[in-house]
Amino acid sequence: MKKGMRLSLFIVLFGSFFGVLSSTMMTTALPPIMRVFHISYSSAQWLTNGYMLANALMIPTSAYLMKRFSFKNLFLTFSTIFLLGSLVGTIANQYLILIIGRMVQAIGAGVMIPLVNVIAMRAADKKHRGAVMGIIGVVFNFSPIVGPTVSGFILDSLSWRYLFSLTMPFTLLSIILAIVLMPKIKHQTDLVFNVKGLITASLGLLCLLWSFSNVGEYNFVSFNILGLLVLGLIFGFLFFKTQEGSKNPFINLDVFEHKQFNVASILNMILMVTMYGNTILLPILVQNVMHKSALISGLVLLPGAMVTFFMSPISGHLFDKYPVKYLVLTGITIDCIGTTMQALINKDTSILTITLGQTVRQFGLVLVLIPIQTQALSYLPAEIIPDGVALYNTLRQVAASFGTALLIAVITLSNQHHNAATITGGLVGIKLGFTTCLILLLTCFIFIRKLYTTRAI
């Protein structure tokens, strides 16, 4: 790996860590924020879904930006935007302003995230891509899991505002490091921006994610769910039609011609539904059903987060040595065991048992996420890797948003049919949520058999 690329990767990794961390730090804070602003589960989830929405809109745009502008200028610009969003969140005195701060944060993080992947894939030779992507996994897989734990420690003695201000000094440091140390890596300058692609993709994603967020709060046949869903699908169709045959596509859809990219993307989407949904289920279970503190809620996630931290680089090394198919098969099986433990909870289940189930889940998950992402990108030609990264991460965000909305809807609909004022009533929805995760994980076995046992040459 060249020195300039290695230095760029380190700086962008450092800055992106806090962008991804912020995506889930608010999940532990949802119960107290719901009480402060007197809002429902469905309204509160906009703190996470609003972030994911803005994130998902920026990630496709990153494919063009990374071809058009230098990595250094992109990182500086969007790190500054992320810093601004953190400031807005810190001083927000209304729930709407709080959501705006989150979404501005997400705009900044939305470009930094794919930027890390593209630099990593350019910097590493094919024999060591797994190892490099394993290091990347510390950012993408450890930080969203440890986010609720960090949040729990902060909320135990401080206001939720510190969840925003915490990231500010680190983001500022990464900006200074980039200005002083990060080289300007060559880029293309003769590209034409595909405005039709931006408009149709943005409107499609907006309608789909908005529809997902409304599940559980409105009737399915209402415009707020079914109407927005149909509109999202229409804009999605228009997006694909406008990109066909375009000399300057918004995103090069040729990535879908590569089977391993498609299979890995489907697996990743399923896992994101369960992973991000779980970050919602556990804080609600621990705080609202078991009536424990935010600190305890964060500590439940800590062992799993530490497993992710230490296993991400190891998972990358395993990809370089063993067929991805067997790694994924092993990881999904372990994840199913941990999820089954969660689905079997009852009113007498201890915090230790819940923590163990989550830790087992994370051990299985981390064995899968790095290998399938590396597999997806390794089979793409170098010139369309930015497009592959953008699509892979966009699908990841859409799935994460859908997972959050789906499991919140399961809880909400369950509470409507049970006495949620009692611990048993609230527990039923949580159990159904974990069971939903288990069913989704079992569908992964259908796609695992389509993974190759050989690596890209």
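Residues numbered from 1 in each chain as written. Predicted model: local features only at pLDDT ≥ 70, side-chain atom pairs only at ≥ 80, totals over all residues. Heavy atoms only, no water.

Q: Quick question: what am I supposed to make of the overall build of the protein here?
A: Within the protein one finds 16 helices and 0 strands. Taken over the C-alpha trace, the protein has a radius of gyration of 21 Å; the compact-globule value for 457 residues is 23 Å, and the two agree within 12%. Per-residue burial for the protein yields a buried fraction of 60% across its 457 residues. As displayed, the protein has an accessible area near 17800 Å², and 70% of this comes from carbon and sulfur atoms. On the protein, the mean spot of the 29 positive side-chain charges and the mean spot of the 12 negative ones are 4 Å from each other. (Helix = DSSP H or I, 4+ residues; strand = E, 2+ residues; numbered from the N terminus. Rg over C-alpha atoms; globule rule 2.2 N^0.38 Å. Buried < 20%, exposed > 50% of the residue type's maximum accessible area, 1.4 Å probe, protein only. Areas by Shrake-Rupley, 256 points an atom, 1.4 Å probe, with all protein chains shown as cover. Lys, Arg positive; Asp, Glu negative; His and termini not counted. Charge placed at Lys NZ, Arg CZ, Asp CG, Glu CD.)

Q: Where do I start with the packing of aromatic side chains in this structure?
A: Aromatic ring pairs are defined here through the distance separating the ring centres and the angle between the ring planes. Enumeration over the complete set of coordinates arrives at 11 aromatic pairs. Measuring from ring centre to ring centre gives 5.5 Å for Phe14 and Phe18, while their planes differ by 80°; the resulting arrangement is edge-to-face. You can see Phe14 and its partner Phe18 sitting in helix H1 (residues 3-37), 4 residues apart, about one turn around the helix. On the basis of relative accessible area, Phe14 is assigned to the partly exposed category, the value being 23%. Seen from their ring centres, Phe309 and Phe310 are 5.2 Å apart, and the 90° between their planes marks the pair as edge-to-face. With a relative accessible area of 53%, Phe310 lands in the exposed category. An aromatic cluster is defined as three or more aromatic residues linked by ring pairs; in this entry it consists of Phe239, Phe240, Phe250, Phe256, Phe261 and Tyr392. Looking at Arg68, its charged tip hangs above the ring of Phe69, at a distance of 5.0 Å from the centre. (Phe/Tyr/Trp six-rings, centres within 6.5 Å; stacked < 30°, edge-to-face > 60°. Lys NZ or Arg CZ within 6 Å of the ring centre and 35° of its normal.)

Q: Explain the nonpolar core here, please?
A: Considering soluble globular proteins, one finds that nonpolar side chains tend to be buried as a cluster. In this structure, Ile33, Tyr95, Leu98, Leu271, Leu285, Val328 and Ile430 are the most contacted members of the largest nonpolar core, which totals 141 residues. The element contributing the most residues to this core is helix H11 (residues 259-289), with 17 residues. Once residues lying within four places of it in the same chain are set aside, the contact partners of Leu98 are Ile33, Phe37, Leu47, Gly89, Ala92, Trp160 and Phe164. (Core = buried A, V, L, I, M, F, W, Y, C linked by side-chain atoms within 4.5 Å. Contact = heavy atoms within 4.5 Å.)

Q: Could you clarify how one ought to interpret the pattern of salt bridges in this entry?
A: If charged atoms from side chains of opposite charge come close, those side chains can pair. The full count for this structure, using the stated rule, is 2 salt bridges. The closest approach of N and O atoms between Lys241 and Glu244, which form a salt bridge, is 3.7 Å. For Glu244, a relative accessible area of 54% translates into the label exposed. (Salt bridge = Lys/Arg side-chain N within 4 Å of Asp/Glu carboxyl O.)

Q: What am I meant to see in the environment of Val230 here?
A: Here Val230 is to be found in helix H10 (residues 223-243). Val230 sits in the partly exposed class, given a relative accessible area of 41%. Val230 sits 22 residues away from Leu208 along the chain, and the two C-alpha atoms are 8.3 Å apart.

Q: How do you make sense of empty space enclosed by the protein when you look at a structure like this?
A: Rolling a probe over the atoms, with the probe sized like a water molecule, indicates the empty space that remains. This model, assessed by the stated rule, comprises 2 cavities of 30 Å³ or more. Computed from the structure, the largest cavity encloses a volume of approximately 90 Å³. For the lining of the largest cavity, the secondary structure elements donating two or more residues are H1, helix H3 (46-68) and helix H15 (385-417). (1 Å grid on protein atoms, 1.4 Å probe; cavity = no way out; pocket = protein on both sides within 12 Å on 5 of 7 lines; lining within 4 Å. Points joined across faces, edges and corners; volume = space filled by probe spheres on them.)

Q: I tried to follow a nonpolar patch on the surface on my own but got confused; where do I start?
A: Together, Leu172, Ile176, Ile179, Val180 and Leu181 give the surface a local cluster of nonpolar side chains, amounting to about 460 Å² of exposed area. By secondary structure assignment, the location of Leu181 is in helix H8 (residues 168-181). What makes Leu181 partly exposed here is its relative accessible area of 42%. (Patch = residues over 30% accessible without salt bridge, like charges linked within 9 Å, V, L, I, M, F, W, Y side chains within 5 Å.)

Q: Would you explain the packing of helix H12 (residues 294-321) against helix H14 (residues 351-378) in this entry?
A: Each pair of packed helices can be summarised by the angle the axes make with each other and by the distance between the axes. The interhelical angle for the contact between H12 and H14, taken along N-to-C directions, is 30°, at an axis separation of 8 Å. Put simply, H12 runs roughly parallel to H14. Read as a crossing pair, H12 and H14 show a hand that is right-handed. Across the contact of H12 with H14, the residue classes tally to 16 nonpolar, 11 polar and no charged. (Axes fitted to C-alpha atoms, helices over the stretch in contact; angles between N-to-C directions. Parallel < 35°, antiparallel > 145°, perpendicular 65-115°, else oblique. Left-handed = near helix turned anticlockwise from the far one by under 90°. Nonpolar A, V, L, I, M, F, W, Y, C, P; charged D, E, K, R; others polar.)

Q: Looking at this structure, I do not really get H14. What am I missing?
A: One full turn of an α-helix is made of 3.6 residues, so residues set three or four places apart face in the same direction. Here H14 contains 28 residues, and its C-alpha end-to-end distance of 41 Å stays within 8% of the 40 Å for a straight helix at 1.5 Å per residue. The largest bend along H14 measures about 25° and falls at Leu365. Along H14, 22 of the 28 residues are buried, which leaves the element largely enclosed by surrounding structure. (Expected span 1.5 Å × (residues − 1). Bend = angle between axes of the 7 residues up to and from the residue.)

Q: How should I be thinking about helix H6 (residues 129-155) in this particular structure?
A: Its 27 residues place the ends of H6 38 Å apart at the C-alpha level, agreeing with the 39 Å of an ideal helix rising 1.5 Å per residue. Along H6, the largest kink reaches about 40° and is centred on Ser143; proline Pro144 follows within four residues of it. With 24 of 27 residues buried, H6 lies mostly within the body of the structure.

Q: Hey, could you run me through the side chain of Gln373 in this one?
A: Residue placement: Gln373 occurs in helix H14. Those residues within four positions of Gln373 in sequence are excluded, and the remaining contacts are Asn117, Met133 and Tyr392.

Q: Just to check I follow, could you spell out the confidence of the model for the protein for this structure?
A: Caution applies to low-pLDDT regions: their predicted coordinates should not be interpreted in detail. Of all residues in the protein, 93% have pLDDT values of 70 or greater, and the mean over the chain is 83. Per-element mean pLDDT across the protein ranges from 71 in helix H2 (residues 41-44) up to 94 in helix H13 (residues 324-343). (pLDDT = per-residue confidence, 0-100.)

Q: Would you mind showing me how to read the environment of Phe445 here?
A: When you line up the elements, Phe445 lands in helix H16 (residues 423-448). Residues Phe445 and Leu329 lie 116 residues apart in sequence; the distance between their C-alpha atoms is 7.4 Å. Non-local contacts of Phe445, meaning those with residues more than four positions away in its chain, are made with Leu329, Ile332, Thr333 and Cys336.

Q: Would you mind showing me how to read the packing of H3 against helix H9 (residues 195-214) here?
A: One can describe the packing of H3 onto H9 by two numbers: an axis separation of 10 Å at closest approach and a directional angle of 160°. With respect to each other, H3 and H9 are oriented roughly antiparallel. Where H3 crosses over H9, the handedness of that crossing is right-handed. Packed against H3, whose contacting residues are Trp46, Asn49, Met52, Leu53, Ala56, Leu57, Pro60 and Thr61, the element H9 presents Leu198, Ser202, Leu205, Leu206, Leu209, Trp210 and Ser213 at the interface. Taken together, the residues of the contact of H3 with H9 sort by class into 11 nonpolar, 4 polar and no charged.

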